[in-house]
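Reading the structure
The chain contents come next:
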There are 2 protein chains.
Amino acid sequence: MAKGITKRAEDYSRWYLDVVAAAELAEHSPVKGCMVIKPNGYALWEKIQATLDKMFKDTGHVNAYFPLFIPESFLKKEAEHVEGFAPECAVVTHGGGKKLEEPMVIRPTSETIIWSTYKKWIQSYRDLPILINQWANVVRWEMRTRLFLRTTEFLWQEGHTAHATAEEAEQETMQMINVYRRFAEEYLAAPVFVGVKTESEKFAGAVRTYSIEAMMQDGKALQSGTSHNLGQNFAKAFDVTFQDENGKLDYVWATSWGVSTRLIGALIMIHSDDNGLVIPPRLAPLQVVVVPIWRSDEEKQKLLSHVEKITGDWKDRFSFKVDDRDNYRPGWKFNEWEKRGVPIRIEIGPKDLENDQVVVVRRDTGEKSFIPQGQLVELLPRLLDQIQQDLYDRAKKMREENTFYADDWNSFVKRIDDPGGFYWLHWCGSDACEAQLAEQTKATIRLIPFDGEKESGKCVLCGADSDRRVLVAKSY
Amino acid sequence: MAKGITKRAEDYSRWYLDVVAAAELAEHSPVKGCMVIKPNGYALWEKIQATLDKMFKDTGHVNAYFPLFIPESFLKKEAEHVEGFAPECAVVTHGGGKKLEEPMVIRPTSETIIWSTYKKWIQSYRDLPILINQWANVVRWEMRTRLFLRTTEFLWQEGHTAHATAEEAEQETMQMINVYRRFAEEYLAAPVFVGVKTESEKFAGAVRTYSIEAMMQDGKALQSGTSHNLGQNFAKAFDVTFQDENGKLDYVWATSWGVSTRLIGALIMIHSDDNGLVIPPRLAPLQVVVVPIWRSDEEKQKLLSHVEKITGDWKDRFSFKVDDRDNYRPGWKFNEWEKRGVPIRIEIGPKDLENDQVVVVRRDTGEKSFIPQGQLVELLPRLLDQIQQDLYDRAKKMREENTFYADDWNSFVKRIDDPGGFYWLHWCGSDACEAQLAEQTKATIRLIPFDGEKESGKCVLCGADSDRRVLVAKSY
């Protein structure tokens, strides 16, 4: 066992917090429910941000910024929305030494402040579509918090788009859940299920919510991104209408979509191991670390100048660092970079210098190979790709081994606690059965799959007819 | 006059707001004192952010994120700090439907929350230095607001560093004001004066505040960036000590430094003209716009496919866009891109196609030239550099023409309102004279220059001895 990291098999929750601490990603702040994102954690967020930001811009979106404060009256304009969010709000009652005439909430999400603004921007179909994203902090009061997964304040992005037709809004909602799916698969190395949330689990104020759900190593689900078709709900609440090409007035169609610092929690819980953090290479702020091993100053100088030569043409190919610190021993350094999840470690000592080789160690498998130095510049990018792919394949295998079909209520109830995992169940579609499921097992319907095959069956709860299976799991 | 833009000479304040509106940079939000930063304005902020972020990282800093909320008791731990900021705070009194045990303020700046955290991170000299920056929103309650220049909520970066010695902290403070100076000069194309703030103008809780001050076109000063040597003030307030190499315990030395979305206000007020926004090329999200001019569909197709050829090798050299919109006429487009401040406009019509040339128009001077198409790829980057340099030179000339030496109180008082501008005055160094200056003229001491030559003189107010001149101006 790595020093200070509990084994997953022993206590999974504790392991998670140990990994976060060992990699110095974040810590609890003196403010209840809020976290301090430490430089290593923030560097991960910067990689996630840069990647997603490019994907958003490539699909025609631009960034903007709307106020942190929302007048309480705005929140109340959409009935479902206020019901969902009011209980979680932080409320500002005083400003500049005076009591405010109207209290303001700190944004838990920005639909209301944004649609009150879009009202000014939209008159005609020529003003549409509006394709805006915002990177921001939001606040949702939480009683039980967990670093990255659930905190009172968190960082996120929220897209808010406005369209002339229901079809366009639906296309956008679908496009963005697919952007998230692609980000999860290609960067986070996380296989995800994609589908529709049930009525009771959808976003407060949405017509339909699409979600990507990933499996953590303890078999629980993590909702990792959502895209909402808001229909005309917010346009109606804020009276946002437009004139179409024929001069007819109609309410504007809306979507919103977001992912948050929660993704860092997903990354940790999908890939990390008992030795600490494992980062998929495409999201690793540092991809390769070189640890030279010397016993004398003379050896050190010789090694470092040689390493400078080897690494001379690495610069624009991948990110790397040479750990030439004097005050730590090599073994300590190996352990340190392992805990931090750097995908590839390279060890080079005086013997290796003679033999024109280095030792290359994969973080994900621990596998060591001796590699001729001249091959490194070609091999390392390929190896990074390989690690990325292997992480995805391993996560997918894990998910496959822990996803089950269940047709019998009693055996499902027995299994949902141990071994846990994902279950495809038949469900009749009623709120009553959904509520009973949650009450009796603490598992929930994660989604109704887009591409689920039609299959006749009986609801595992009430026995009524069902025409497709839904995904059920415990979740974070 | 450009449609909708008041002339500077007529009403400078109104002109400023007109430029902001015409370029669609920002607007007032429904929340008093807060602004909506629109996509064009946010794109400018993204350029500023990316540029500064690289400069910070190149000088060894990393990013992190600390909570939005600060317990009221934290703010009170540093006496000057609370006195300075408490009157400007927004206060959260309720969260999750309950009254909070202790109210929390929205960060007006993060020294207190960060130093309460550094206490946990620092034990030994080995833990130092800490070189952290944060990109965040902050809130300072303002009665009279102006877009970008003064708003209740604004976006900024705040660096917070911790050091083992007073000398190191001083070096850092100085390094960062020089980073800001360099950013102002090389990117913002803004000549700035650099120096020390007086005791009454320094940051609440600092030992010394360094500032860069730029001149706007109305002759007023805008404080565009500050760097604070905090001494051991916050370490003492939060009891942050460290053991030095000899085992001796001492308080940690601190700095903080920041710039904000105010810089966008500076950019507008330094360079823009009666036709709208002018953006220095190095900060322009869009550097070159091509407007093809056609009268028939056939001409359009021919032109567009030709433009595609011309622009084929521009991609990694500068940012550009071809405005091929059907529903707007060329004249409207010229005006549109002018208002938005795009540095170079290229016009190309069927005649130009025949003559193998284009019309290149500089936004800053309005100068038009006919350029052979084959020369564009080489010429445009040079022209962008030239415009950048010319904007700087013009701003510097403007500043020189409006900076005066004054030795007589009465003539200074007469001139500070009209023509206004910057004044180098002798000042005895007393709080009393400084207060009198502000009271009688509404001008303030902007800074005591670092590199001001020693010069014997008499305080313009009381006649006492003075050994150097200070910079005095009205300011935003």
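The shown structure was predicted, so the numbers you read here are calculated from the model rather than taken from an experiment.

Cut-offs used in this document
- For every chain, the first residue of the written sequence is number 1, and numbering continues from 1 onward in sequence order.
- Key to labels: chains lettered from A, ligands numbered from 1, both in the order written.
- Owing to the predicted nature of the model, reporting of local features is limited to residues with pLDDT of at least 70; listing and counting of side-chain atom pairs is limited to 80 or more, with chain, interface and lining totals taken over all residues.
- By convention in this description, side-chain values take in all heavy atoms of the structure and omit both hydrogens and water.
- Using protein atoms alone on a 1 Å grid, points that fit a 1.4 Å probe yet trap it form a cavity, whereas open point sets bounded by protein on both sides within 12 Å along at least five of seven lines form a pocket; residues with an atom within 4 Å of a point count as lining.
- Grid points are joined across faces, edges and corners, and a volume is the space filled by probe spheres set on the points.
- The helix and strand labels rest on DSSP assignments: H or I over at least four residues marks a helix, E over at least two residues marks a strand, and numbering proceeds from the N terminus.
- Amino acids outside the nonpolar list (Ala, Val, Leu, Ile, Met, Phe, Trp, Tyr, Cys, Pro) and the charged list (Asp, Glu, Lys, Arg) are all regarded as polar, and Gly is one of them.
- The set of buried Ala, Val, Leu, Ile, Met, Phe, Trp, Tyr and Cys residues whose side-chain atoms join them within 4.5 Å is what this entry labels a nonpolar core.
- With a 1.4 Å probe rolled over the protein chains alone, any residue whose accessible area is under 20% of its type maximum counts as buried; one over 50% counts as exposed, and the rest are partly exposed.
- In what follows, residue pairs with any heavy atoms lying within 4.5 Å of each other are defined as contacts.
- In protein, a polar contact means a hydrogen-donor-capable atom and an acceptor-capable atom, both N or O and within 3.5 Å, with residues adjacent in sequence counting only if both atoms are side-chain atoms; elsewhere, any N or O pair within 3.5 Å suffices.
- What fixes the domain bounds is an automatic or database domain assignment.
- Buried area, as used here, totals the accessible surface that two parts lose on assembly, with accessibility defined by a 1.4 Å probe and the loss added over both.
- By salt bridge we mean one thing: a side-chain nitrogen of Lys or Arg within 4 Å of a carboxyl oxygen of Asp or Glu.
- A strand pair is defined by DSSP finding two or more bridges across the two strands.
- Any helix carries an expected span of 1.5 Å times its number of residues minus one.
- Counted as positive: Lys and Arg. Counted as negative: Asp and Glu. His and the chain ends are not counted at all.
- In predicted models, pLDDT denotes the confidence assigned by the predictor to each residue on a 0 to 100 scale.
- Copy-to-copy alignment: least squares on C-alpha atoms, limited to residues at pLDDT 70 or above in both.
- Think of each axis as a best-fit line through the C-alpha atoms, taken over the contacting stretch in the case of a helix, with angles from 0 to 180 degrees between the N-to-C directions.

**Some remarks on empty space enclosed by the protein**
Over the atoms a probe the size of a water molecule is rolled, and this reveals where empty space is left. Evaluation of the coordinates by the stated rule reveals 10 cavities of 30 Å³ or more. The calculated volume of the largest cavity comes to roughly 70 Å³. Every residue lining the largest cavity is listed: Val289, Trp337, Glu338, Val342, Ile344, Arg345, Val361, Arg362, Arg363 and Gly366 of chain A. In this structure, the second largest cavity encloses a volume near 40 Å³. Within the residue set of the lining of the second largest cavity, elements represented by two or more residues are strand 2 (35-37) and strand 8 (153-163) of chain B. Broken down by element, the residue count for the lining of the second largest cavity peaks at three residues, all from strand 8 of chain B. Class assignment for the residues of the lining of the second largest cavity results in six nonpolar, no polar and one charged.

**Quick look at the nonpolar core**
In terms of nonpolar packing, the biggest core is built from 89 residues, with Phe69, Ile106 and Trp115 of chain A together with Phe69, Ile106 and Trp115 of chain B touching the most fellow members. Leave out the neighbours within four places in its chain, and Phe69 of chain B touches Val31, Cys34, Ala90, Ile106, Val139, Trp141 and Thr152 of chain A together with Val92, Met104, Val105, Ile106 and Ile113 of chain B.

**Regarding the environment of Glu78 of chain A**
All names here are of chain A. Among the structural elements, Glu78 can be located in the loop between helix 3 (72-75) and helix 4 (79-85). Along the primary structure Glu78 and Asn355 are separated by 277 residues, whereas in three dimensions their C-alpha atoms are 71 Å apart. When sequence neighbours within four positions are dropped, the list of residues in contact with Glu78 reads Gly205, Asn233, Phe234 and Ala237. Among the polar contacts listed, one links the side chain of Glu78 to the backbone nitrogen of Glu80, at a separation of 3.2 Å.

**Thoughts on the layout of surface pockets**
Each pocket or cavity is described by its volume, and for the second largest pocket that value is around 1800 Å³. Lining of the second largest pocket is provided by 43 residues; of these, Glu24, Pro39, Asn40 and Arg340 of chain A together with Val62 of chain B occupy positions nearest its centre. Those elements that provide at least two residues to the lining of the second largest pocket are helix 2 (39-58) and helix 10 (330-340) of chain A together with strand 3 (62-63), helix 5 (111-121) and strand 7 (130-139) of chain B. Examining the composition of the lining of the second largest pocket, we find that eight residues originate from one element, helix 2 of chain A, more than from any other.

**Quick look at the domain arrangement of chain A**
In terms of domain boundaries, chain A breaks down into domain 1 (12-271), domain 2 (286-383) and domain 3 (403-473). Inter-centroid distance (C-alpha atoms) of domain 1 of chain A to domain 2 of chain A is 41 Å.

**Looking at the interface of chain A and chain B**
Contact with chain A, which involves 51 residues of that partner, is made by 51 residues of chain B. Taking both sides of the interface into account, the surface hidden between chain A and chain B amounts to around 4000 Å²; carbon and sulfur atoms contribute 66%. Linking chain A with chain B are four salt bridges, by the criterion used here. In this structure, the salt-bridge partner of Glu27 of chain A is Lys120 of chain B, at a minimum N-O distance of 3.4 Å. Between chain A and chain B we count 26 residue pairs in polar contact (both at pLDDT 80 or more) in total. When residues in the side of chain A that touches chain B are grouped by element, the largest group, six residues, is from strand 5 (residues 90-95) of chain A. Residue composition of the side of chain A that touches chain B, by class: 31 nonpolar, 12 polar and eight charged. Inspection of the sheet shows strand 5 of chain A paired to strand 5 (residues 90-95) of chain B by five bridges, in the antiparallel sense. The residue bridging Ala90 of chain A from the neighbouring strand is Gly95 of chain B, located in strand 5 of chain B.

**Regarding the sheet that holds strand 9 (residues 192-196) of chain B**
Residue and element names in this part refer to chain B. One open sheet holds the 11 strands; their spatial order is 3-7-8-14-11-10-9-22-25-21-20, and the pairing between them is mixed. A strand with exactly one partner marks an edge of an open sheet, and here the two such strands are strand 3 and strand 20 (403-405). The pairing of strand 3 with strand 7 spans two bridges and is classified as parallel. Residue pairing across strands places Val62 opposite Ile132, the latter belonging to strand 7.

**With respect to helix 6 (residues 166-186) of chain B**
Look at helix 6 of chain B: 30 Å from first C-alpha to last across 21 residues, which is about the 30 Å you get at 1.5 Å a residue. When we look at burial in helix 6 of chain B, the residues that qualify are Ala169, Glu170, Glu172, Thr173, Met176, Ile177, Val179, Tyr180, Phe183 and Ala184 of chain B.

**Side note on the side chain of Arg107 of chain A**
Tracing the backbone through its elements, the reader meets Arg107 of chain A in the loop between strand 6 (98-106) and helix 5 (111-121). The side chain of Arg107 of chain A sits in the buried core without any salt bridge; Glu153 of chain B is the nearest counter-charge, 4.3 Å away. One polar contact links the side chain of Arg107 of chain A to the main-chain carbonyl oxygen of Asn137 of chain A, over a distance of 2.7 Å.

**Considerations on the confidence of the model for chain A**
Here chain A shows a mean pLDDT of 96. Residues at 70 or above account for 100%. Our summary of model confidence lists the complex with pTM equal to 0.97 and ipTM equal to 0.97.

**Quick word on the environment of Ile344 of chain B**
Looking at the element boundaries, Ile344 of chain B is found in strand 17 (residues 344-348). With residues up to four places along the chain from it excluded, the contact list for Ile344 of chain B reads Gln287, Val288, Val289, Val360, Val361, Leu380, Leu383, Leu384 and Ile387 of chain B.

**Observations concerning the relation of the copies chain A and chain B**
Mapping chain A onto chain B calls for a rotation angle of 180° and an axial translation of 0.0 Å; the resulting RMSD is 0.0 Å. Between the two chains, the operation in question is that of a two-fold axis. When C-alpha distances to the rotation axis are compared across chain A, the minimum falls at Val92 of chain A, with a value of 2.1 Å. A shared interface surface links the copies, since 100% of the contact residues of chain A are contact residues in chain B too.

**Re the sheet that holds strand 17 (residues 344-348) of chain A**
All names here are of chain A. One open sheet accounts for five strands, arranged 16-15-17-18-19; its pairing is mixed. Edge positions in the open sheet fall to strand 16 (320-322) and strand 19 (368-372), since each of these has one partner strand only. Here the strands of the sheet are splayed against their neighbours by 25° on average, with no regard to which way each runs. In the sheet, strand 17 pairs with strand 18 (residues 357-362) via four bridges, with the strands oriented antiparallel. Within strand 18, the residue paired with Glu347 across the bridge is Val359. Each of strand 15 (288-292), strand 16 and strand 17 touches helix 9 (residues 297-310); the most contacted strand, strand 17, lies at about 135° to it. Running over the sheet, helix 10 touches strand 15, strand 16 and strand 17 and is turned about 170° from strand 15.

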